[in-house]
Amino acid sequence: MADEPSQLSDFDDRFEDPADDPLFSLDEGDPNHTKIFARKELLKVGHVPESARIVGRDSEIEAIAAELRPIVRGDPPNNVMIYGKTGTGKSLVARHVTERARRAAESNGVSVGAVYVDCAQHNTQTRVARTVTRSLNDTARTGFDIPRAGIGSGEYYDYLWEILDTAYDSAIIILDEVDRLDDDDILMQLSRARESGKADCHLGVIAVSNKIEYRDRLNERVKSSLREEEFVFQPYDANQLREIMEHRRDAFYDGVLTGDVVPLTAAVAAQEHGDARKAIEILRHAGELAERESTETVNEEHVRDAQEWAEVDRFEELLRGSTTQVKFILYSLALLTHENPATDGFSTSRIYNRYKQTAQQIGATVLSEHRIYELLKEQAFLGVVESTRTGGGRGQGSYLEHRLIQDTEIVLKSVLRDSQLEDLA
Ligand SMILES: Nc1ncnc2c1ncn2[C@@H]1O[C@H](COP(=O)(O)OP(=O)(O)O)[C@@H](O)[C@H]1O
Ligand SMILES: [Mg+2]
């Protein structure tokens, strides 16, 4: 029984020609069609820009290249560790330098395998071992396939050493967000591969961490076998962020970005610890807002709105996994803060009263005051709320006062994104 090729539905199309469907119109003569983005992909999160667009990291690129340079002559490279806050160009530089090293080596007759692993996604030893092994394996040269499942890290390593021996002179393995790994044995395995005679191939590891404390957490055994060179990437200042965005200005059509958009975005992101990712995201979102409004240019107002959107997003991320009850509490605290601009901090019972109203209004279960107290303490631990002990004057007990760390506006917007709280809006 052969089925007809499936269609989503048998709707009777009112448009003779599907290209006339106004819902998906590409018609540029359309008065509502505004030309904002010329090459939006330049502003995508995972986009790896070409050399000419990388600015302000020349000395880091040079220094890391020096560690990998021996590869080009067929000698062993040094291992590298890159630390720095988010958005300081670590992933970008690691990939960029690796790719250049690989090409230079290849043109010198040295075959180099290169893999990039995001350990935030592959956070166990088995997953990392599998990703590295499967991406380096070249069936044409090794003659075997690597199973996707059913074997453990030990077996993946056995395959890996064999692949490295048969197919490559050298390999560079980038372990990005290495602090997210649940144990550091993989660093041990990779750094000892050669000395323990497991693989003849020269292996270089570039480990990248957003957390500088990771250095102290690393096991001494790992450190002494990795013997890595360390680099710390400093946050960008407003001028560097500006340069980075200027080099992607062609993501927009000419004349779309009005005068102060780029400097303003740079200033905003510089306050935010100099995060280039944030800068690019805000710029992209400002463009999307302009597009949605069908205006012809992106202005400062769009940037400010985009910044707020980014903050709401980040706060929502922080709240991810929080229960709706926690959101009721934060919502109530935000209302109290909003209604009492002169008050700096609220007692648990005051928050509790407001919370009861909120929960009742929406017909939700009302938790006990003690439970609310515990949840507030949890939020303080997570950095959403700040709790300080006050009072305790003569004859009085001291008590905790809670305040929101984030802007009330941002908290309200994030919390109200939860569909169960929609009725409060
Ligand atoms: N020096 C730079 N020049 C151009 N773009 C950069 C630079 N540094 C970072 N970026 C861009 O900013 C974003 C974040 O950089 P990334 O390397 O992912 O940061 P990190 O890994 O340190 O968190 C990426 O889109 C990247 O292309
Ligand atoms: Mg990164």
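Here the structure is a predicted model, which means the values were calculated and not measured. For every chain, the first residue of the written sequence is number 1, and numbering continues from 1 along that sequence. Written order decides the labels, with chains lettered from A and ligands numbered from 1. The predicted nature of this model means local features are confined to residues of pLDDT at least 70 and side-chain atom pairs, given and counted, to a pLDDT of 80 or more, with totals for whole chains, interfaces and linings taken over all residues. The basis for every side-chain value is the complete set of non-hydrogen atoms in the structure, without hydrogens or water.

(A) Spatial organisation of the sheet that holds strand 8 (residues 398-404). Two strands are counted as paired when DSSP detects at least two bridges linking them. Helix and strand definitions here come from DSSP, where helices need a minimum of 4 consecutive H or I residues and strands a minimum of 2 consecutive E residues; each element is numbered from the N-terminal end. Overall, antiparallel pairing links the three strands, which are arranged 6-8-7 in an open sheet. The two strands at the open ends of the sheet, each matched to only one other strand, are strand 6 (346-347) and strand 7 (385-391). Where strand 6 meets strand 8, two bridges bridge the pair, whose relative direction is antiparallel. Bridged to Phe 346 within strand 8 is His 402. Relative to strand 7, helix 15 (residues 369-382) is tilted by about 120°, and along the sheet it contacts strand 7 and strand 8. In what follows, residue pairs with any heavy atoms lying within 4.5 Å of each other are defined as contacts. Note on geometry: axes are lines fitted to C-alpha atoms, helical ones only across the stretch in contact, with angles between N-to-C directions running from 0 to 180 degrees.

(B) Quick look at the pairing of strand 4 (residues 202-209). Only protein chains enter the area calculation, which uses a 1.4 Å probe; residues under 20% of their type maximum are buried, those over 50% are exposed, and those in between are partly exposed. Of all the eight residues making up strand 4, eight are buried; the element is thus mostly covered by neighbouring parts of the structure. Taken together, the four bridges between strand 1 (residues 80-84) and strand 4 define a ladder with parallel strand orientation. When the bridges of strand 4 are listed, Met 81 appears paired with Ala 207. Here strand 3 (residues 170-176) runs beside strand 4; their pairing, made up of six bridges, is parallel.

(C) Representation of the environment of Gly 255 within the structure. Inspection of the secondary structure puts Gly 255 in the loop between helix 9 (238-246) and helix 10 (261-271). Expressed as a C-alpha distance, the spacing of Gly 255 and Val 298, which sit 43 residues apart in the sequence, is 9.2 Å.

(D) The arrangement of the packing of helix 9 against helix 11 (residues 276-292) in detail. Axis separation between helix 9 and helix 11 bottoms out at 10 Å; the angle between their running directions is 50°. As far as their axial angle goes, helix 11 and helix 9 are oblique. Seen from above, helix 9 lies across helix 11 with right-handed handedness. Contacts between helix 9 and helix 11 involve Leu 241, Ile 244 and Met 245 from the former and Ala 276, Ala 279, Ile 280 and Leu 283 from the latter. Side-chain classes follow a simple rule in which Ala, Val, Leu, Ile, Met, Phe, Trp, Tyr, Cys and Pro form the nonpolar group, Asp, Glu, Lys and Arg form the charged group, and the remainder, Gly included, forms the polar group. Residue classes in the contact of helix 9 with helix 11 are distributed as seven nonpolar, no polar and no charged. What sets the label is the angle itself: under 35 degrees gives roughly parallel, over 145 gives roughly antiparallel, 65 to 115 gives roughly perpendicular, and the rest give oblique. Working rule for handedness: look at the near helix, and if it is turned counterclockwise from the far one by less than a right angle, call the crossing left-handed; if clockwise, right-handed.

(E) Summary view of the pattern of salt bridges. By salt bridge we mean one thing: a side-chain nitrogen of Lys or Arg within 4 Å of a carboxyl oxygen of Asp or Glu. Counted by the stated rule, this structure contains 25 salt bridges. The partner of Glu 177 in a salt bridge is Arg 180, with the nearest N and O atoms 3.5 Å apart. Judged by relative accessible area, Arg 180 falls into the partly exposed class, the value being 43%. The shortest N-O distance in the salt bridge between Arg 215 and Glu 230 comes to 2.5 Å.

(F) Region of the structure containing the domain arrangement of the protein chain. Residue ranges for the domains originate in an automatic or database domain assignment. By the assigned domains, the protein chain splits into domain 1 (32-46 + 237-318), domain 2 (57-233) and domain 3 (321-424). Taking only C-alpha atoms, the centre of domain 2 and the centre of domain 3 are 46 Å apart.

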